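What follows is each chain in one-letter form.
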Amino acid sequence: MSCTPATRRRLSRSTALALAAGACLWAAASGASAQTKIVLGMSGWTGFAPLTLADKAGIFKKNGLDVEIKMIPQKDRHLALASKAIQCAATTVETHVAWNTNGVPIVQIFQLDKSYGADGIAVRNDIKSFADLKGKTVAVDAPGTAPYFTLAWLLSKNGMSVKDVKTVTLAPQPAAQSFVTGQNDAAVTYEPYLSTVRANPSAGKILATTLDFPHIQDTVGCAPDWLKANPAAAKALADSYFEALELIKNDTAKSHETMGAAVKQTGEAFAKSASFLRWQDKAANQKFFAGEIETFMKDAAAILLEAGVIRKLPDNYSVMYDASFIK
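A count of helices and strands for the protein chain gives 14 helices and 11 strands. Counting only residues that meet the buried cut, the protein chain has 54% of its 327 residues in that class. Carbon and sulfur atoms provide 53% of the accessible area of the protein chain, an area that totals close to 13800 Å².

With the rule as written, the count across this model stands at 11 salt bridges. Residue Lys75 pairs with Asp76 through a salt bridge whose shortest N-O separation is 3.2 Å. Taking the relative accessible area as the measure of exposure, Lys75 reaches 39% and is therefore partly exposed. Residue Asp76 is classed as partly exposed on the basis of its relative accessible area, which comes to 26%. One salt-bridge network, held together by shared partners, links Lys114, Lys287 and Glu292.

Looking now at the packing of helix α6 (residues 93-101) against helix α14 (residues 282-306). When two helices pack together, you describe them by how their axes are tilted relative to each other and by the distance separating the axes. Orientation of α6 relative to α14, taken along the N-to-C sense of each, is 65 degrees, at an axis distance of 9 Å. Taken together, the axis directions place α6 and α14 in an arrangement best described as roughly perpendicular. Crossing handedness for the pair α6 and α14: right-handed. Of α14, the residues touching α6 (which contributes Val93, Glu94, Val97 and Ala98) are Phe288, Ile293, Phe296, Met297, Ala300, Ala301 and Leu304.

The mixed open sheet is built from six strands, whose spatial order is β2-β1-β3-β10-β4-β11. In this open sheet, the two edge strands, each paired with only one partner strand, are β2 (65-71) and β11 (277-279). Shown here is a sheet whose adjacent strand axes are inclined to one another by a mean of 25 degrees, direction ignored.

Turning our attention to helix α3 (residues 49-56). A large share of α3 lies buried, amounting to six of its eight residues. Residues Ala49, Pro50, Leu51, Thr52, Leu53 and Ala54 constitute the buried set of α3. Just past α3, the residue Gly58 takes up positive phi, approximately 80 degrees.

As for its placement among the helices and strands, His215 is situated in the loop between β9 (205-209) and β10 (217-222). For His215, a relative accessible area of 2% translates into the label buried. Polar side-chain contacts of His215 include one of 2.9 Å to the side chain of Thr150. In this structure the side chain of His215 is engaged in a polar contact, spanning 2.6 Å, whose partner is the backbone oxygen of Phe213. In contact with His215, not counting residues within four places along its chain, are Glu94, Phe149, Thr150, Trp153, Leu154, Thr210 and Phe296.

A few words now on the state of the cysteines. Under the definition given, this model contains one disulfide. Each disulfide pairs two cysteine sulfurs, and for Cys88 the partner residue is Cys222, the sulfurs being separated by 2.2 Å. The disulfide joining Cys88 to Cys222 has a torsion of about 105 degrees about its S-S bond and is therefore right-handed. With Cys88 in strand β3 (residues 88-92) and Cys222 in strand β10, this pair connects stretches of sequence that are 134 residues apart. By the burial criterion, Cys88 is buried, and Cys222 matches it.

Scanning the model with the defined rule gives 11 aromatic pairs in all. For the pair Tyr241 and Phe242, a centre-to-centre distance of 5.8 Å together with 65 degrees between the ring planes defines the contact as edge-to-face. We classify Tyr241 as buried; its relative accessible area is 0%. In this structure Phe242 comes out as buried when scored by relative accessible area, which is 9%. Their ring planes at 15 degrees and their centres at 6.3 Å tell us that Phe270 and Trp279 sit as a pair that is stacked. Linked through ring pairs, Trp45, Tyr190 and Tyr193 together constitute an aromatic cluster. For the cation-ring pair, Arg124 lies above Phe179, with the distance from its terminal atom to the ring centre recorded as 3.8 Å.

In spatial order, the strands read β7-β6-β8-β5-β9; together these five strands make up an open sheet with mixed pairing. Looking at strand neighbours, the two that pair on one side only are β7 (166-169) and β9, the edges of this open sheet. Taken pair by pair, the neighbouring strands of this sheet meet at an average axis angle of 30 degrees, ignoring direction. Two strands pair when backbone bridges link them, and strand β6 (residues 137-140) and β7 are joined in this way by four bridges, in the parallel orientation. Within the sheet, the bridge partner assigned to Ala139 lies in β7 and is Val168. Against the sheet, helix α8 (residues 172-180) touches β5 (119-123), β6 and β8 (186-190), its axis set at about 135 degrees to β8.

Here is what the cut-offs are and how they apply
- Counting of residues starts from 1 at the beginning of each chain's written sequence and follows it residue by residue.
- Where totals are concerned, whole chains, interfaces and linings use all residues; where local detail is concerned, this predicted model gives features only for residues with pLDDT of at least 70, and gives and counts side-chain atom pairs only at 80 or more.
- To obtain the side-chain values, all non-hydrogen atoms of the structure were used and water was disregarded.
- The numbering of helices and of strands both runs from the N terminus, where a helix is a DSSP run of H or I of at least 4 residues and a strand a run of E of at least 2.
- The cut-offs for exposure are 20% and 50% of the maximum accessible area for each residue type, with area from a 1.4 Å probe on protein chains only; residues under the lower value are buried, those over the upper are exposed, and the others partly exposed.
- Areas reported as accessible are Shrake-Rupley estimates using a 1.4 Å probe. Residue values count occlusion only from the protein chains shown.
- Each salt bridge in this description consists of a side-chain nitrogen of Lys or Arg and a carboxyl oxygen of Asp or Glu lying within 4 Å of one another.
- Helix axes are fitted to C-alpha atoms over the stretch in contact, other axes to C-alpha atoms as well, and angles between N-to-C directions run from 0 to 180 degrees.
- By definition in this entry, angles of less than 35 degrees are roughly parallel, angles greater than 145 are roughly antiparallel, angles of 65 to 115 are roughly perpendicular, and the rest are oblique.
- By definition, any crossing whose near helix is turned counterclockwise from its far helix by less than a right angle is left-handed, and any crossing with a clockwise turn is right-handed.
- Contacts are residue-level and defined by heavy atoms, with any inter-residue pair within 4.5 Å sufficient.
- Pairing between strands is defined by DSSP: at least two bridges between them are needed.
- Side-chain atoms alone can form a polar contact between residues adjacent in sequence; in general such a contact is a pair of N or O atoms within 3.5 Å, and within protein one must be able to donate a hydrogen while the other accepts it.
- Note on disulfides: each one is a pair of cysteine sulfur atoms within 2.5 Å.
- Think of it this way: a Phe, Tyr or Trp ring, Trp meaning its six-membered ring, pairs with another when their centres are within 6.5 Å, and the plane angle makes it stacked under 30 degrees, edge-to-face over 60, tilted otherwise.
- Each ring is checked for a lysine NZ or an arginine CZ that lies within 6 Å of its centre and within 35 degrees of its normal; such an atom marks a charge sitting over the ring.

So this is what it looks like as structure tokens:
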């Protein structure tokens, strides 16, 4: 579609204008030459999907970036960062705390999302409370991952600890799939896989999510030496994310289809998964980095220490984030 003023005038009123704006973003996002190379590690978590959109819609290229997205399990992402196989990574805030504290420095530069029911623990129907989980077997990803932190956080907020349950290490997708086939007493997972449990009520129920106990929020961080050498590229990376959010707003259906395809979901199924989280725009980012991030990191560090993910509390939280890229 042409994005000339004449085209805009021919389109009628608000709905058509919104569609035109979306089409213009898709069109503007194509054809620019790539410049700075970035390899970004992430997973199929619904909250990360606007990064996929920025790639598929050509927003990264338009902004002078050649971004290669690598799907790397969360438990291995810090190893890729340490070996310089990737320069940046998307992960949960407390994971950034754990990586930094355990000797893999990374600096958070923008916030992606906050979970509103997209992460949770599924249990068999005869389990009525967290107290009933004592001694039960829980499928959960490895220590140092978001699902493991979810388990530790939920148990801690209910007077228990990970030591009170038996854990079986399964990544989020197989944890959900095995649960609905009758394996294990409980499973910790996230969207889009949590919807597998929602769709199979006979297998069990969701005992609690981030709606009940908020704690999952994601950020993109980059290696400190790379940031120092490439500040303009880091700013372009953040700006590209915010542009992707605008594209979702202005061309919702096509954006959902694009993001869903990356995780083998229809656009409609993706939209349902996305309803359990909130992507964070620039204004929300500025609020988060103004104080919320450090408060949360301190709360998270205490639970990471209790769960044995870190061996000591961090000496300095301020080195773990830089708000200059979201100004």
